[in-house]
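Now for the letters of each chain:
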Amino acid sequence: MIRKQKRLLADAEGRVLSSYVAASAAGGPALRDVLAESVYCELRRLQTQDASREKQNDLAFWHMVRTQLHKGSDAAMRHLLSRAIHRYAVEVCGNMNMRIYQLMSRMAPPALGLLLNAWSPKKLLTQSWQHGALDDTIILQGETEHLRRLQGIGTIILAPTHVSNLDSVVLAFAAYRLGLPPFVYGAGLNLFGNPLLALFMHNLGAYTVDRRKQDPLYKNVLKTYATATLRAGDSNLFFPGGTRSRSGALEHHLKLGLLGTGLAAYTQNIQEQRPRPSIFIVPTTLSFQLVLEAETLIDDFLKDVGKSRYIISDDEFAEPSRIYDFLSQLMALESKIYITVGQPMDPFGNRVDDAGVSLDPHGRRVDARRFVMVQGKVCADPQRDAEYTREVGARLLTAYAQDNVLQSTHAVAYVVLALLRRANPDLEQMRLLRAGGRVEHFALTEVYRATEVLLTALRGLQRAGRVRLAPALAFGRADDVVADATSHFATYHRPPVMVRQGDVLHVRQRSLLFYYHNRLTGYGLEHVLDVPVLRKVG
Amino acid sequence: MVLSFVASREAAPVAIVGAGRLAQVVGRTLLQQGVPLRVWSRNREQAEAWTRGHAAASAHDDIVAACAGVPVIILAVPIAALRQVARRLAPALEGDQVILHGVRGVEPGFVLPHQVLRAETCVQQIGVLGGPIYPPELAAQRPMSAVLASRFAQVVIAARAVVRGTPLRLHDSRDVAGVEVAGAMSNVVRMALGMAAALTLDETARGLIMTRGLCDAAELAVSCGGEASTLMGLAGLGDLIPRPVATLSRHYDVGRQIAVASADAITHADAAGVDGLTTAVAATAWADRHGLAVPLVRAVAAVVTGEIPAGEALSQVLALNFDPGQFLAC
């Protein structure tokens, strides 16, 4: 296994280097210019970094490169570039201890289940740990059988929505339950701040992604490494949104760079006539009734544009006690986490059948290889391939919207925010969220009526296959939905999102209301709650 | 003779779907260059009539037989027939084939032609032909410019290879939605110009209608993911200017007739499948959903649905303040 890892790394390094050498020979940027760009990006990044041994090492290396840039021969430039590439490659996956990886890939998911269940001691006493509370909490639905079958036929790229840092943990558990081997995935450097979860992630196939690094050479190494793992048949997990959704809304803009490695790996597999060349991209949608880091995420979103942080390292995920509180409360409320596996597709956005064969829109089998052929020959074409990947991105967004499972907290947040807006018509939305309005409480009967209206609209969307509803929303009564949401909103977040006092509902955290409400945006529901004129509570 | 024989042996065949005026003229032009053709049309006699006597051209009964394995397929059918044709064509297609289409108009719901093709077939390498293509002039071997829009560079290369040596010069664009909206909307604008002519409005009014039409089209294009600047190019402005001069357009005539004798003319045009009618109505519904102003499109839609007479509709549009910033803001 360690040998395989080393081979993948060496393979990726070789490919990156030869791509630059070939490009430079064909009149593209000279190796010197490639290095100069790296020096510029890295030195600029290091300026903003706090002092550390790592920073010292990086500075020393890039200063050395800078001094060599104008002296060396072409061969020296090539050597320098290969050193820079090797440095990046080691950083991306050189830290992985393969022995621990092997041990953990067998042990971790059950251990994780035990760990998570142990946080709910009451359940641990009453149920066996392996099929206990976590099985009840995580609902795995959709094309799970299809996914399991495809695992034996080709290589999987799981492309989930990104809500919380718990996503990768929850998905690792799901993969275990489906009997799939652990996924290889890139995890942000900042995630390794939590020592407990770092242990799991580091050893569940995670390689390191440092999103502070803007150097194109670094990104190239990262993509080439991901491609190498895919070619070796290791299933990958990419979050195409790039980062956790700040607003709480579904992804509406995807980062296609890593996603495109699926197509690159497929083309290379075909060219090299590998035995299992197929790559399948599987949209996966996660839905939490409460989100661990909701407060940090929405605060970041509401900051002025440009000031928001792409990388957050000091959120709730860094505090094990917060995770403990969160999970135990989730289980006490019998809350559900939905993982919906969508329709798998090939790297061109075509659906695939159970045997992994691509289908046209009418379900007729088509030959996937033909999509990368020009005049009968398989070839890579960056322009064409970028278009295919854009198509895959568009299909992912459609799948996310259709497989999004709406829960009571989302629906009631939507209703209460609509009431809040209506009660304070003179305030613009951002002002209302930041400063608050004059009226911030509503009679429960009013909330029930509006919820009823929204539920009718949501059930219509569900019938049309445009969204999924948790059973409470699909079949429940409005007052039960509101009661479920208020009990969720009253527990984990401090102060609570909203509290019920007698027959009146008081809003306490408007920004969180906005966060959970955002899960319903994009469905054309804007005017649904305008229709009935509701009475204001005095 | 020997040379053309060699050329026809070497050139890859092209399939032409449709046997209308555009299909025939493009087909003949390609035949002159020695490109072997496979032709399919719903009306077999029509396809046979113009391919007869050409050894390199064959008319087919079966659309799948005509198009299977052919690298480039040219679709020249009316928008109303597009979905049905695409559905019949789908079993012939694989991922490396290229479809070029010259379909003007939109389906109800403002569905663009390339969206119909994507929904019905597996082909992604789609190109749209737009701009001032006039079959009679092409038939007369006069030099002609057209836009070919595709997201795929490979499509442009394939299309250029097909028209090499013909008087047709292709200008490439990446804005598929923009070119399709431009093509559909220029028929609507031309209907409005026809109405203006029948109402004997002055040249100023005609200028205003054209400019307003371009603005509306730009707004619609942007809402479909296209670019406003496409409307200032050959597919938009370049398409709109020549035709009224030549008064060749069927839409121009339909506009005139509607302005003079509305109810009858509308029924007649609707029955004849004039796509500008569908486009105006679909665009108005689309504009409502997306909060677009598009006053000229709305006026034409109101006239063709019989809501108000043409004179009243146009004078309402002409009375509006024209803000060029609206165009630039798109």
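A quick note: this is a predicted structure, and the numbers were derived from the prediction, not measured.

Student: Explain the overall build of chain B here, please?
Tutor: Broken down by element type, chain B carries 18 helices and eight strands. The globule rule puts the C-alpha radius of gyration for 330 residues at 20 Å, and the 20 Å found for chain B is close to it. Across the 330 residues that make up chain B, the buried fraction comes to 56%. Approximately 13400 Å² of chain B is accessible, and the part contributed by carbon and sulfur atoms is 56%. Each charge class in chain B can be summarised by its mean position, and for the 26 positive and 27 negative side chains these summaries are 7 Å apart.

Student: How do you make sense of the interface of chain B and chain A when you look at a structure like this?
Tutor: Many authors give the size of an interface as the accessible area that is lost as the parts come together. The partner chain A presents 19 residues to the 19 residues of chain B that form the contact. Both sides together, the interface formed by chain B and chain A hides about 1700 Å², and carbon and sulfur atoms give 45% of it. Across the contact surface, chain B and chain A share four salt bridges. The partner of Arg151 of chain B in a salt bridge is Glu387 of chain A, with the nearest N and O atoms 3.1 Å apart. For the interface between chain B and chain A, the tally reads 13 residue pairs in polar contact (both at pLDDT 80 or more). Broken down by secondary-structure element, the contributors of at least two residues to the side of chain B that touches chain A are helix H6 (113-120) and helix H8 (153-163) of chain B. For the side of chain B that touches chain A, the element with the most residues is H6 of chain B, which contributes three residues. Residue composition of the side of chain B that touches chain A, by class: seven nonpolar, five polar and seven charged.

Student: Looking at this model, I keep getting lost on the nonpolar core. Mind explaining?
Tutor: Generally speaking, nonpolar side chains in soluble globular proteins are found buried as a group. Counting residues in hydrophobic clusters, the biggest one holds 207 residues, and the most contacted among them are Tyr207 and Leu458 of chain A together with Leu37 of chain B. The leading source of residues in this core is helix H16 (residues 408-423) of chain A, at 11 residues. For Leu37 of chain B, the residues in contact, after removing those within four places along its chain, are Val14, Ile16, Gly27, Leu30, Leu31, Trp50, Ala56, Ala57 and Ser58 of chain B. With 59 residues, the next largest nonpolar core counts Ala149, Val188, Ala228 and Ala283 of chain B among its residues.

Student: Looking at this structure, I do not really get the side chain of Ser358 of chain A. What am I missing?
Tutor: Residues and elements named next belong to chain A. Structurally, Ser358 can be placed in strand S8 (residues 358-359). For Ser358, the side chain forms a polar contact with the side chain of Asp346, separated by 2.7 Å. Apart from residues no more than four positions distant in its own chain, Ser358 is found in contact with Asp346, Asn350, Arg351, Val352, Arg364, Arg365, Val366 and Ala368.

Student: Would you mind showing me how to read the packing of aromatic side chains here?
Tutor: Per the stated rule, a full pass over the model turns up 13 aromatic pairs over all chains. Geometrically, the ring pair formed by Tyr88 of chain A and Tyr218 of chain A is edge-to-face, given 5.1 Å between the ring centres and 70 degrees between the ring planes. Note that Tyr88 of chain A is positioned in helix H4 (residues 74-93) and Tyr218 of chain A in helix H11 (residues 216-231), a separation of 130 residues in sequence. Each member of the pair, Tyr88 of chain A together with Tyr218 of chain A, is buried. Between Phe326 of chain A and Tyr492 of chain A, the ring centres sit 4.9 Å apart and the planes meet at 70 degrees, which makes this aromatic pair edge-to-face. You can see Phe326 of chain A sitting in helix H14 (residues 320-332) and its partner Tyr492 of chain A sitting in the loop between helix H20 (478-489) and strand S15 (498-501), a full 166 residues away along the chain. By the burial criterion, Phe326 of chain A is buried, and Tyr492 of chain A matches it. Members of the aromatic cluster, joined through ring pairs, are Tyr266, Phe348, Phe371 and Tyr388 of chain A together with Phe152 of chain B. The positively charged end of Lys213 of chain A is found above the aromatic ring belonging to Tyr218 of chain A, 5.4 Å away from the centroid.

Student: Where do I start with the environment of Asp96 of chain B in this structure?
Tutor: When you line up the elements, Asp96 of chain B lands in the loop between helix H5 (79-89) and strand S5 (98-101). For the pair Asp96 of chain B and Cys122 of chain B, spaced 26 residues apart in the sequence, the C-alpha separation amounts to 9.6 Å. Beyond its immediate stretch of four places on either side in the chain, Asp96 of chain B contacts Arg370, Phe371 and Met373 of chain A. Engagement of the side chain of Asp96 of chain B in a polar contact is seen with the side chain of Arg370 of chain A, the distance being 2.9 Å.

Student: Looking at this structure, how should I read the packing of helix H15 (residues 275-290) of chain B against helix H16 (residues 295-304) of chain B?
Tutor: Residues and elements named next belong to chain B. Axis separation between H15 and H16 bottoms out at 8 Å; the angle between their running directions is 125 degrees. Compared by their axis directions, H15 and H16 come out oblique. The interaxial crossing formed by H15 with H16 has left-handed handedness. Facing Leu277, Ala280, Val281, Ala283, Thr284, Ala287 and Asp288 of H15, the residues of H16 in contact are Val297, Arg298, Val300, Ala301 and Val304. A breakdown of the residues in the contact of H15 with H16 according to their chemical character gives nine nonpolar, one polar and two charged.

Student: How should I be thinking about the pattern of salt bridges in this particular structure?
Tutor: Opposite charge on two side chains makes pairing possible when the charged atoms of those side chains draw close. The final tally for this structure, using the stated rule, is 40 salt bridges over all chains. Note that Arg44 of chain B is salt-bridged to Asp61 of chain B, the shortest N-O span being 2.4 Å. Here Asp61 of chain B lies in the loop between strand S3 (57-60) and helix H4 (63-67) and Arg44 of chain B lies in helix H3 (residues 44-51), a separation of 17 residues in the sequence. In this structure Arg44 of chain B comes out as partly exposed when scored by relative accessible area, which is 26%. One network of salt bridges, with partners in common, ties together Asp11, Arg15, Arg231, Glu272 and Arg274 of chain A.

Student: Would you take a moment to explain unusual backbone geometry for this structure?
Tutor: Negative phi values dominate among residues other than glycine, just as trans dominates among peptide bonds. The amide bond that connects Arg494 of chain A to the next residue, Pro495 of chain A, takes the cis arrangement and shows omega of -10 degrees. Mapping Pro495 of chain A onto the fold places it in the loop between H20 and S15. In this model, Gln141 of chain B sits at a positive phi of 65 degrees, which is unusual for a non-glycine residue. Phi is positive for Thr200 of chain B, close to 50 degrees, though the residue is something other than glycine. Its place among the elements puts Thr200 of chain B in the loop between helix H9 (176-198) and helix H10 (203-223).

Student: Quick question: what am I supposed to make of the sheet that holds strand S13 (residues 441-443) of chain A here?
Tutor: Hydrogen bonds between backbone atoms are what pair the strands of a sheet, whose relative direction is either parallel or antiparallel. All names here are of chain A. What the three strands build is an open sheet, ordered S13-S16-S15; its pairing is antiparallel. For this open sheet the edge positions go to S13 and S15, each flanked by a neighbour on one side alone. On average, each strand axis in the sheet is tilted by 25 degrees relative to the strand beside it, whichever way the strands run. Helix-sheet contacts for H16 involve S13, S15 and strand S16 (504-507), and the interaxial angle to S13 is about 105 degrees. Where helix H18 (residues 444-463) meets the sheet, its contacts fall on S13, S15 and S16, and the angle it forms with S13 comes to roughly 80 degrees.

Student: Would you explain H18 of chain A in this entry?
Tutor: Helical geometry: 3.6 residues make up each α-helical turn, so side chains three or four residues apart lie on a common side. The end-to-end C-alpha distance of H18 of chain A, which contains 20 residues, comes to 28 Å, matching closely the 28 Å that a straight helix rising 1.5 Å per residue would cover. Of all the residues in H18 of chain A, the buried ones are Leu444, Glu446, Val447, Ala450, Thr451, Leu454, Leu455, Leu458, Arg459 and Leu461 of chain A.

Student: Sorry, what's going on with the pairing of S16 of chain A here?
Tutor: In the case of a regular strand, side chains alternate between the two sheet surfaces. Residue and element names in this part refer to chain A. Here S13 runs beside S16; their pairing, made up of three bridges, is antiparallel. Paired with Phe442 across the two strands is Leu505, which belongs to S16. One ladder, built from four bridges, connects S15 with S16; its direction is antiparallel. Residue pairing in the sheet places Arg500 in a bridge with Leu505 of S16.

Student: Sorry, what's going on with the pairing of strand S8 (residues 168-173) of chain B here?
Tutor: All names here are of chain B. Taken together, the six bridges between strand S7 (residues 144-149) and S8 define a ladder with parallel strand orientation. The residue of S8 that forms the bridge with Ala149 is Ser173. Regarding topology, H8 serves as the crossover connection from S7 to the parallel S8, and that connection is right-handed.

How each quantity is defined
- Residues numbered from 1 in each chain as written.
- Chains lettered and ligands numbered in written order.
- Predicted model: local features only at pLDDT ≥ 70, side-chain atom pairs only at ≥ 80, totals over all residues.
- Heavy atoms only, no water.
- Helix = DSSP H or I, 4+ residues; strand = E, 2+ residues; numbered from the N terminus.
- Rg over C-alpha atoms; globule rule 2.2 N^0.38 Å.
- Buried < 20%, exposed > 50% of the residue type's maximum accessible area, 1.4 Å probe, protein only.
- Areas by Shrake-Rupley, 256 points an atom, 1.4 Å probe, with all protein chains shown as cover.
- Lys, Arg positive; Asp, Glu negative; His and termini not counted.
- Charge placed at Lys NZ, Arg CZ, Asp CG, Glu CD.
- Contact = heavy atoms within 4.5 Å.
- Buried area = accessible area lost by both parts, 1.4 Å probe.
- Salt bridge = Lys/Arg side-chain N within 4 Å of Asp/Glu carboxyl O.
- Polar contact = N/O pair within 3.5 Å; in protein donor to acceptor, adjacent residues only side chain to side chain.
- Nonpolar A, V, L, I, M, F, W, Y, C, P; charged D, E, K, R; others polar.
- Core = buried A, V, L, I, M, F, W, Y, C linked by side-chain atoms within 4.5 Å.
- Phe/Tyr/Trp six-rings, centres within 6.5 Å; stacked < 30°, edge-to-face > 60°.
- Lys NZ or Arg CZ within 6 Å of the ring centre and 35° of its normal.
- Axes fitted to C-alpha atoms, helices over the stretch in contact; angles between N-to-C directions.
- Parallel < 35°, antiparallel > 145°, perpendicular 65-115°, else oblique.
- Left-handed = near helix turned anticlockwise from the far one by under 90°.
- Pairing = 2+ DSSP bridges.
- Expected span 1.5 Å × (residues − 1).
- Right-handed = clockwise from strand over helix to strand, strands pointing away.

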